[in-house]
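Letter by letter, the chains look like this.
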Protein chains: 2
Amino acid sequence: MRETQLENTSPLRKKVIPTALRAAVSSGTALLGSCGESFRSNRFDANVRAVSGSTRSPTLADVAEAAGVSLSTASLSFSGNKPVSEATRARVLAAAARLGYAGPNPLARNLRQGRSGVVGIAVGPLSTAFRDPAALPMLDAVSEVLGAAGLGLLLMGDDHARLPLDAVIYDICGRETWAAYDDLAAREVPLVVVEGPDWPGTTFVDIDHRAGCAALAAHLHELGHRRVALLTLEPSHPQREREAGVRDVFPDAHVIGACASDLAAAQDLVAAYLATGPDVTAVVCQSDVQAAAVVIEARRLGLAVPDDLSVAGFDGVATPWLDVELTTVVQPLAAKGRAVADAVLRRIDGEDVDDVVLPVELRIGDSTGPAVEPA
Amino acid sequence: MRETQLENTSPLRKKVIPTALRAAVSSGTALLGSCGESFRSNRFDANVRAVSGSTRSPTLADVAEAAGVSLSTASLSFSGNKPVSEATRARVLAAAARLGYAGPNPLARNLRQGRSGVVGIAVGPLSTAFRDPAALPMLDAVSEVLGAAGLGLLLMGDDHARLPLDAVIYDICGRETWAAYDDLAAREVPLVVVEGPDWPGTTFVDIDHRAGCAALAAHLHELGHRRVALLTLEPSHPQREREAGVRDVFPDAHVIGACASDLAAAQDLVAAYLATGPDVTAVVCQSDVQAAAVVIEARRLGLAVPDDLSVAGFDGVATPWLDVELTTVVQPLAAKGRAVADAVLRRIDGEDVDDVVLPVELRIGDSTGPAVEPA
DNA sequence: TTGTAAGCGTTATCAC
DNA sequence: GTGATAACGCTTACAA
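Residues numbered from 1 in each chain as written. Chains lettered and ligands numbered in written order. Predicted model: local features only at pLDDT ≥ 70, side-chain atom pairs only at ≥ 80, totals over all residues. Heavy atoms only, no water.

Q: I'd like a description of the sheet that holds strand E4 (residues 191–194) of chain B, backed by residues and values.
A: Adjacent strands of a sheet form backbone hydrogen bonds with each other and so pair up, either parallel or antiparallel. Sheet architecture is open: 12 strands sit in the order E11(A)-E5(A)-E4(A)-E3(A)-E1(A)-E2(A)-E2(B)-E1(B)-E3(B)-E4(B)-E5(B)-E11(B), paired in mixed fashion. Only two strands of the sheet have a single partner each, and these edge strands are strand E11 (356–358) of chain A together with strand E11 (356–358) of chain B. On average, each strand axis in the sheet is tilted by 20° relative to the strand beside it, whichever way the strands run. (Pairing = 2+ DSSP bridges. Helix = DSSP H or I, 4+ residues; strand = E, 2+ residues; numbered from the N terminus. Axes fitted to C-alpha atoms, helices over the stretch in contact; angles between N-to-C directions.)

Q: Residues and numbers for the protein's contact with DNA strand C, please.
A: Around DNA strand C lies a shell of 23 residues, among which Leu60, Ser75, Tyr101 and Arg112 of chain A together with Ser72 of chain B are the nearest. Within 4 Å of the protein, atoms of DNA strand C come from sugar and phosphate in 64% of cases. Between DNA strand C and tyrosine 101 of chain A there is a distance of 2.6 Å, counted from a phosphate oxygen to a side-chain nitrogen or oxygen. At 3.1 Å from a base nitrogen of DNA strand C is found a side-chain nitrogen or oxygen belonging to arginine 112 of chain B. When contributions to the surface near DNA strand C are tallied by element, the ones reaching two or more residues are helix H4 (71–79) and helix H6 (106–113) of chain A together with helix H4 (71–79) and helix H6 (106–113) of chain B. In terms of residues, the surface near DNA strand C owes the most to one element, H6 of chain A, which gives four residues. Residues that form the surface near DNA strand C fall into these classes: nine nonpolar, 11 polar and three charged. (Near = heavy atom within 4 Å. Polar contact = N/O pair within 3.5 Å; in protein donor to acceptor, adjacent residues only side chain to side chain. Nonpolar A, V, L, I, M, F, W, Y, C, P; charged D, E, K, R; others polar.)

Q: Give a detailed account of the UniProt feature "domain: HTH lacI-type" (unreviewed entry) in chain A, specifying residues and quantitative values.
A: UniProt records the feature "domain: HTH lacI-type" (unreviewed entry) for residues 58–113 of chain A in the present numbering. Secondary structure over residues 58–113 of chain A splits into 70% helix and 0% strand, and the C-alpha atoms at its two ends are 21 Å apart. (UniProt positions renumbered as here; feature names shortened; annotations may be inferred.)

Q: Tell me about the sheet that holds strand E6 (residues 228–232) of chain A, and please be specific about residues and values.
A: All names here are of chain A. Taken in spatial order, the six strands make up an open sheet running E7-E6-E8-E9-E10-E12, and their pairing is mixed. With one partner strand each, in any of the chains shown, strand E7 (254–258) and strand E12 (361–363) form the two edges of the open sheet. The average angle at which neighbouring strand axes cross in this sheet is 20°, direction not considered. Helix H13 (residues 288–300) rests against E6, strand E8 (282–284), strand E9 (310–315) and strand E10 (327–330) of the sheet, and its axis sits at about 160° to E9. (Contact = heavy atoms within 4.5 Å.)

Here you go:
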């Protein structure tokens, strides 16, 4: 564990210190040009403020006074919430520029409006959550829709209950109790739950796990498979639904064990299982990552996929490092994300929002084939 | 693009509507028990409030009055910022419980204290940023340190300049201008830049790219390699430093092209290059993901690694789906994250913070071997 | 240990 | 189109 902190070795990189103000004042104009367009004006503003000697940042009241207008007019000049004559507006903005006023203080606006503009998202430990490739397209869609509405996405740990959140998204598949829930419920913070537990007062967004898995199982049955094994997730709503879907077709499916959608973990589990020489012709997994682990470990043991063993996944994510195309249940990740974000926006607006269940689709790849009885 | 919104098919999942209050009031006690410990008391509080008929949420002033203490005493009872006798404190908390008061309003606290408790982190498009396995351990460390300090991490898009952020982390390797910079500078929001451009007023956290790549190149040179190719990133500070490190040893290294740490993209680029039958004995990459792409494509063309071609990466992340251990430059991802978070905390406290450059370490795996001249 | 009072910097509601 | 004024709900000197 080498954490030594070296001297800065790059001669090109000059050490610049705390505030933009100090940097701008102390370094002269030589530093200009390395950043965005309007940096020049910022520097100017900072200099003006430094010169004018005022210690605290200017407020809207200062701007109003400097522009010779009322506080409300100044406010409206920035917010545009009511018409202001172009002349006065220009006067206000000029005064703001002169004073180095950077716009209305978001903290004050938030208090006044009762909203923070921030939506929390609980995803569990980041490296676990985002290692799962299925998480990202959904998060992207959420972030895009909320961002367009001016809302920020805050990654919630367990210690963020005291932050001002306009809504919270719960997306920790597999965890069914949550300490922060009580706090949020008490605050009446809208909560949108993705494939999660059935908490009161929340909006759910889900996919049709059971139908998807049943369709997948039917596909295997048609191929002649009769004895299948199941790689599962930790007990949870999706897991229960999915297992039920498989058992609609294969009531006696054998459970190998449970693990997360983590390649290494799944590999360990699968390697141990395959080493027992199990009497199955197909393995159904709960994610494409798990399925990839089965493919890799099966081959390592000399089993051909799908000739000796059929393998199916779930999610429908890309696995370019695998040279078979997985048979899988494709879930509409982006649509799920958009549905979540829409639900959030509407709940923030005080609307009633119905639960959502999105359909899934079976995609047949090269990893499943006709069942072959062991010789 | 099937986004049909199905009827909710699960009979177990009951539709529950907007606020926790409404749910609690309308559903009776039957819903109890599906969530955390103190849910019972929340329900109780909500009921009390509903019964008492007050339309707006109780404030600290209401609690103070109900408890028969002053506003400041009530505040202190929650914050613990100054001693309060155990008796009065109990009285205040009891009154709070009775009124269904969920604790001090964070929005008001934030305005008063001038801090939001939120740190922005700019990482670019989420699915790009987090698809890179090197991003996660760092983000995890940042999140852990900041979380322990009660700070939340907000994923910044380009439209979040209006949110109240106590500090911002810029971690978009490769993008050298940023529209939001000017706004942040004007607001004097502390900015910590990871491996990024040299903006005034910011604190930098970096690794010793050049030394790492020079060590790697020296290793290849010792193995007899003389003609090497370079897979690069888009032009950026890290890329320039790393290339310089390689050229310290191989001044004439050939550049294949630039791409992100994205397996599929790298595969395309590399496949085209290898198809030209290039005259090199080793390929140096800027990430382990890129290196994995080279290994995969080389094999696809019948080249053995490292016998016919040596391949080196950067980052030192796990690639369990690859069956060689990559020779790579290991960067201290968690330490980098901690350094970033520490810098953020200290800048928020108003401290001057020096730039940080962390050392890297060469790890020799199975993907590099002695140079073999083409027959 | 407790109470009094002064903001924090906005936006929204009214009048004009 | 503009201006006065009242919140928003809290924390923190300062005084008792």
